Amino acid sequence: MTTETTPLRGRVCLVAGATRGAGRAIAVQLGTAGATVYVTGRTTREKLSEVGRATETIEETAELVTAAGGEGIAVPTDHLDPDRVRALVDRIDRERGRLDVLVNDVWGGEHLLGPSFGKKTWELDLADGLRMLELGVRTHAITSHLAVPLLIRNPGGLVVEVTDGTAAYNGTRFRENLYYDLAKNAPIRMAFGLARELEEYGGTAVVVTPGWLRSEQMLAGFGVTEENWRDATEKIPDFGVSESPVYVGRAVAALAADPDRHRWTGQSLSSAQLAGEYGFTDADGSRPDAWGFIVANETGNPDVADYR
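Here is a short report on the structure shown in this document. (Residues numbered from 1 in each chain as written. Predicted model: local features only at pLDDT ≥ 70, side-chain atom pairs only at ≥ 80, totals over all residues. Heavy atoms only, no water.)

What follows concerns the side chain of Ser242. Examined against the element boundaries, Ser242 turns out to sit in the loop between helix 8 (216-222) and helix 9 (245-257). A polar contact is formed between the side chain of Ser242 and the side chain of Arg214, at a distance of 3.0 Å. Side-chain polar atoms of Ser242 contact the backbone oxygen of Phe239, separated by 2.8 Å. Not counting residues up to four positions away in its chain, the partners in contact with Ser242 are Trp212, Arg214, Trp229, Pro288 and Arg308. (Helix = DSSP H or I, 4+ residues; strand = E, 2+ residues; numbered from the N terminus. Polar contact = N/O pair within 3.5 Å; in protein donor to acceptor, adjacent residues only side chain to side chain. Contact = heavy atoms within 4.5 Å.)

Dropping the structure here:
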């Protein structure tokens, strides 16, 4: 392998929240580029998280990273526990002495979102709403607080916040319910603020969003697999603009490998936007633009094919 095929060889990455979905795909694509990737989450082969899915574990993610050409290291971590996160960062420091890329992808609140659709703030279960904020905001704040000091030891570090929705889209629309809206807008502001704080250290911070993501949970909800996902378009034609997790994984890997990535600092980026910039495709060779389609669909009747 060459530096052209493995541009991240020798780089150390932490993907917080890599059990499944976007986090797993990001970790694997970083591994494909040759990186050492620490992957964290709460679901292991011995213990389930509140998400309740035993079909994906952080150990499996680490094995996929290694199989892809990198080195995957699974570290069970609850990112709401500062002591656990501190121990994680200390381990990375002890074993590698550096951190080049931090990906804040922790979420795991899908099970809270469904029952809250269409409800006003005062109608929602307060505990569920606050849990969304813990999972989507507090985890990211704790992880950045404890991991960034290691990241800035060497110039050129990259922080990637992962969310749902671009700054342009979320900034003018109300997302599902107040708690979810706050949870998915917070990473946008975190990236904006961290970009300013990292400037003097030569670091870069961005926020990246996939489009309509065909995560394992999403596919299960539609009763399909990645192999036959198009069957779901018979009931929901708009699902045709969805994307596999590979797409956002390639987006983050392309960013991490770009020596000129600082031009993006502080910005909100989508997988489709970065595909256009870096020339990669989704796993099936297409370039879906879910956010472009969603916006166009608000005022017209766009053809899904025009956004793939």
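Let us look at the layout of surface pockets. Quantified by volume, the largest pocket comes out at close to 1200 Å³. As for the largest pocket, its lining consists of 46 residues, of which Trp107, Glu110, Tyr180, Lys184 and Leu213 are closest to the centre. Of all elements in the fold, only helix 1 (21-32), helix 4 (110-113), helix 5 (126-151), helix 7 (178-198), helix 8 and helix 11 (290-297) reach the threshold of two or more residues within the lining of the largest pocket. It is helix 5 that provides the largest number of residues to the lining of the largest pocket, a total of 4 residues. Computed from the structure, the second largest pocket encloses a volume of approximately 310 Å³. Arg24, Ala25, Glu216, Pro245 and Val246 are the residues nearest the centre of the second largest pocket, which is lined by 17 residues in total. (1 Å grid on protein atoms, 1.4 Å probe; cavity = no way out; pocket = protein on both sides within 12 Å on 5 of 7 lines; lining within 4 Å. Points joined across faces, edges and corners; volume = space filled by probe spheres on them.)

Within strand 1 (residues 12-16), 5 of the 5 residues are buried, which leaves the element mostly enclosed by the surrounding structure. On strand 1, burial covers both faces: Val12, Leu14 and Ala16 on one face and Cys13 and Val15 on the other are all buried. Bridge count between strand 1 and strand 2 (residues 36-41): 5 bridges; the pairing is parallel. If you follow Val15 over to strand 2, its bridge partner there is Val39. Between the parallel elements strand 1 and strand 2, the chain passes through helix 1 in a crossover that is right-handed. (Buried < 20%, exposed > 50% of the residue type's maximum accessible area, 1.4 Å probe, protein only. Pairing = 2+ DSSP bridges. Right-handed = clockwise from strand over helix to strand, strands pointing away.)

Bringing the nonpolar core into the picture now. Ranked by size, the top nonpolar core spans 37 residues in total, and within it Leu30, Val37 and Val208 carry the most contacts. If you tally residues by element for this core, the top one is helix 9, at 8 residues. Of all hydrophobic cores here, the second largest spans 22 residues; its members include Leu14, Val75, Val89 and Ala205. (Core = buried A, V, L, I, M, F, W, Y, C linked by side-chain atoms within 4.5 Å.)

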